[in-house]
Amino acid sequence: MNASIFKQKLLLVRAQNGDSEAFGEIYDLYVDKIYRFIFFKVSNHETAEDLCAEVFLKTWQYMNEPDKREVSNLNALLYQSARNIVIDYYRTSQREILADTESLKLVEDSRQQSFLEKVAISSEIENIEAHLRKLKDEFREVLILKFVDELSNKEISKILDKSNGATRVLIHRALKVLKDTIDESKNSQSKNGQ
Amino acid sequence: MSQKTHNQKMVNKIKLLNQIQPRKEWKDSFRDILISEISQDQRAYQPATSFFGFFSATAQAAKFHVFQPTVAILLVLGLFVGSSLVVNAAFYSLPGDNLYDLKIAMEKTQVSIIRDNEKKAELRMEFAKNRVDELDKMAILRPEDLQKDTISEITKRFKSDVESLNDHINNLDQQKKSVFSLARAIDSQATEFAKTLNKNKDKLPDNVKKEVEKAMDDAVNTAENTSESAFRIALNNYSQGETQEEEEVIELIQSKINNLEQKIKELEDGEILEAAQKALDDAKNSLANGEFDLTAVQIAQGQTLVEQLITEQNQAIDEEEATSNQEDVNLEENDDTNTEESEEVSDFNVENKVEQVSIQSNTSTINATQETLLETTEDIIE
């Protein structure tokens, strides 16, 4: 077991015993990832913040319920909780699953980058984000988990509640669809340019 | 380019998305709130008294005091003593203040950690009321800051509070008596909010007024729809023989009738208004006969008609404004292109005037001749 996994297991045990500081460390480890995961499912940053907050509060409540079940996989628990909360959000408020592309106001503070590099990267991000938002939710989700959060297929399969094989196929298909979407957009741009 | 390289390039681009992060101030403030809230649940956890435990606690405390004094005070005073300057300052903060984000975060956390929908709904109602108060205070204390962004922010939050309230009401145990009081409170909040907004919208610059007005109408409509949901649930409870007192039901329905009557008074005459007025009269009669369900239906009919009329009247105003704007634009364009033409026209007018003067002088000559003829004729007769 590597140090990071061991540390997370330890944090999980402490948090399940009601240690709020341990849960604070879990928050530090996961907040960016969970926020990002939610951000790609909703249409704006504010909603992503609200739902992300709910994920951590509910996860704590779940871990510390009187008749709690033992949690063995923190990663899966947090992402699954995020998925359920987003589903609830759309169900209760009867909102439509996002379709719009909110321009990104992010690219936080990378001081080492030159201004031009930053602009170029920001534009790349907006570009890829726009294409990702055109995909089906399950494709977008699996690509984020795999390539942005860099989770293993095994970890992803636990979060999505699918077999390893099915997860692998899903990633492959998602990549292909993304590629087609990008190609299609390039073709239509070049046609318009002619 | 090979397929593999192409895919790798695409994957590299996707990886850039890991730069998407939450705002740092949100991340930090929510962390503090999270820790403070869950610390209250720490009954089960008794850390061992050891050097490590002591060190860890001290380090944590130092971290709070050195790096996050606001939070330390909030934690120590706010949560364990019950009140603090920071909590108070945050509580009284207004949009644009440093502590306003903390106030909003505290509100969200309060709702998140409560499971009972009735309490959640009550809190949301309180927060919606906070938005109304904030708007009022801003108008009195800092009218210069009451710009489009501020009003939009307050309006958006009010709408969001009311939407959440609606969700909680729909999830509420339908038997609860509180639906009744909530329905009445939402009504009064919606009216209050509309009044406060109307009172303060004159302070906005003209170019943003329209946009803000739309957002305001939207927020007030959301509140009214929420009130409608609560009203239906409450009435349904009563029909099913729940413990509601009849006076309360009548009072609630009467307040709905009064609202409708007020709206009808503010609108211009027309066929739709007559229909709405009829629905209102029918509702009053049904209420007098004790037919509450029928009254509710007739009130709803009246409200739908009123909304339809408001939409139509607004559209007519929009069209009128658009036409008038277009005319202004056309006039401006014509001013430039018709300068030469207008000079010609003015020459033509001068010529016309000369002709008119000449005609007038001819006419007076004729009149004079006629008078002379008449005098001559009279002389001959004599």
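Residues numbered from 1 in each chain as written. Chains lettered and ligands numbered in written order. Predicted model: local features only at pLDDT ≥ 70, side-chain atom pairs only at ≥ 80, totals over all residues. Heavy atoms only, no water.

### Focus: the pattern of salt bridges
Piece 1. Inspection of every chain in the model, using the stated rule, returns 30 salt bridges over all chains.
Piece 2. Salt-bridge contacts for R133 of chain A lead to E129 of chain A; the nearest nitrogen and oxygen are separated by 2.6 Å. In this pair, R133 of chain A and E129 of chain A are both assigned in helix α5 (residues 115-133), 4 residues apart and thus about one turn of the helix distant.
Piece 3. On the basis of relative accessible area, R133 of chain A is assigned to the buried category, the value being 4%.
Piece 4. Here the salt bridges share partners, and the residues they tie into one network are K103, E107, R124, R131, E134 and D161 of chain B. (Salt bridge = Lys/Arg side-chain N within 4 Å of Asp/Glu carboxyl O. Helix = DSSP H or I, 4+ residues; strand = E, 2+ residues; numbered from the N terminus. Buried < 20%, exposed > 50% of the residue type's maximum accessible area, 1.4 Å probe, protein only.)

### Focus on the layout of surface pockets
All names here are of chain B.
Piece 1. When its volume is computed, the second largest pocket comes out at roughly 1700 Å³.
Piece 2. Contributing to the lining of the second largest pocket are 45 residues, with D217, N221, K263, I310 and N314 lying nearest its centre.
Piece 3. Broken down by secondary-structure element, the contributors of at least two residues to the lining of the second largest pocket are α9 (178-200), α10 (206-239), α11 (246-266) and α13 (292-337).
Piece 4. No other element matches the 15 residues that α13 contributes to the lining of the second largest pocket.
Piece 5. By residue class, the composition of the lining of the second largest pocket is 12 nonpolar, 14 polar and 19 charged.
Piece 6. Two domains each donate at least three residues to the lining of the second largest pocket, and these are domain 1 (115-244) and domain 2 (245-331). (1 Å grid on protein atoms, 1.4 Å probe; cavity = no way out; pocket = protein on both sides within 12 Å on 5 of 7 lines; lining within 4 Å. Points joined across faces, edges and corners; volume = space filled by probe spheres on them. Nonpolar A, V, L, I, M, F, W, Y, C, P; charged D, E, K, R; others polar. Domains from an automatic or database assignment.)

### Regarding the environment of A215 of chain B
Piece 1. Within the secondary structure, A215 of chain B is located in helix α10.
Piece 2. For the pair formed by A215 of chain B and K159 of chain B, sequence separation is 56 residues and the distance between their alpha carbons is 9.2 Å.

### Remarks on the interface of chain B and chain A
Piece 1. Facing 39 residues of chain B, the contacting portion of chain A comprises 49 residues.
Piece 2. Taken over both partners, the interface formed by chain B and chain A buries close to 4300 Å², and the fraction arising from carbon and sulfur atoms is 62%.
Piece 3. Broken down residue by residue, the surface that chain B buries against chain A is led by I14, L17 and I20 of chain B, which jointly contribute 15%.
Piece 4. Seen at the junction of chain B and chain A, the total is 7 salt bridges.
Piece 5. K27 of chain B serves as the salt-bridge partner of D32 of chain A, at 3.0 Å between the closest nitrogen and oxygen.
Piece 6. Mapped by element, the contributors of at least two residues to the side of chain B that touches chain A are α1 (3-15), α2 (24-39), α6 (100-113) and α8 (148-171) of chain B.
Piece 7. Among the elements that line the side of chain B that touches chain A, the one with the most residues is α2 of chain B, at 9 residues. (Contact = heavy atoms within 4.5 Å. Buried area = accessible area lost by both parts, 1.4 Å probe.)

### A closer look at the nonpolar core
Piece 1. Of all hydrophobic cores here, the largest spans 66 residues; its most connected members are I34, I38, F56 and L143 of chain A together with L17 of chain B.
Piece 2. Looking at this core, you find at least three residues from each of domain 1 (1-100) and domain 2 (134-194) of chain A.
Piece 3. When residues no more than four places from it in sequence are discounted, the contact partners of I34 of chain A are C52, V55, F56, L78, Y79 and A82 of chain A.
Piece 4. Membership of the second largest hydrophobic core comes to 30 residues, among which are A121, I169, L182 and I233 of chain B. (Core = buried A, V, L, I, M, F, W, Y, C linked by side-chain atoms within 4.5 Å.)

### Quick notes on a negative patch on the surface
Residue and element names in this part refer to chain B.
Piece 1. There is a patch of like negative charges on the surface, built from E268, D269, E271 and E274.
Piece 2. With respect to the helices and strands, E274 occurs in helix α12 (residues 271-288).
Piece 3. Exposure remark for E274: the relative accessible area of 58% places this residue in the exposed category. (Patch = residues over 30% accessible without salt bridge, like charges linked within 9 Å, V, L, I, M, F, W, Y side chains within 5 Å. Areas by Shrake-Rupley, 256 points an atom, 1.4 Å probe, with all protein chains shown as cover. Lys, Arg positive; Asp, Glu negative; His and termini not counted. Charge placed at Lys NZ, Arg CZ, Asp CG, Glu CD.)

### A look at the confidence of the model for chain A
Where the model shows low pLDDT, its predicted coordinates should not be examined in detail.
Residue and element names in this part refer to chain A.
Piece 1. Taken over all residues, the pLDDT of chain A has a mean of 79, while the share at 70 or more is 79%.
Piece 2. Helix α2 (residues 20-39) holds the highest mean pLDDT among the elements of chain A, 91, whereas α5 holds the lowest, 68.
Piece 3. Segment residues 96-116 is flagged for pLDDT under 50; beyond a separation of four residues in sequence, or across chains, it makes 39 contacts in the model. (pLDDT = per-residue confidence, 0-100.)

### Topic: the packing of aromatic side chains
Pairs of aromatic rings are described using the distance from one ring centre to the other and the angle between the two planes.
Piece 1. Taken as a whole and assessed by the stated rule, the structure comprises 10 aromatic pairs over all chains.
Piece 2. Measuring from ring centre to ring centre gives 6.4 Å for F23 of chain A and F56 of chain A, while their planes differ by 70 degrees; the resulting arrangement is edge-to-face. Linking F23 of chain A in helix α2 with F56 of chain A in helix α3 (residues 45-63), this pair joins segments that are 33 residues apart in sequence. Here F23 of chain A matches F56 of chain A in class, with each residue buried.
Piece 3. Ring geometry for Y35 of chain A versus W26 of chain B: centroids 6.3 Å apart, planes at 40 degrees, classification tilted. Residue Y35 of chain A is located in helix α2, and its partner W26 of chain B is located in helix α2; the two belong to separate chains.
Piece 4. In this structure Y35 of chain A comes out as buried when scored by relative accessible area, which is 0%.
Piece 5. Aromatic rings pair up to connect F23, Y27, Y35, F39, F40, F56 and W60 of chain A together with W26 and F30 of chain B into one cluster. (Phe/Tyr/Trp six-rings, centres within 6.5 Å; stacked < 30°, edge-to-face > 60°.)

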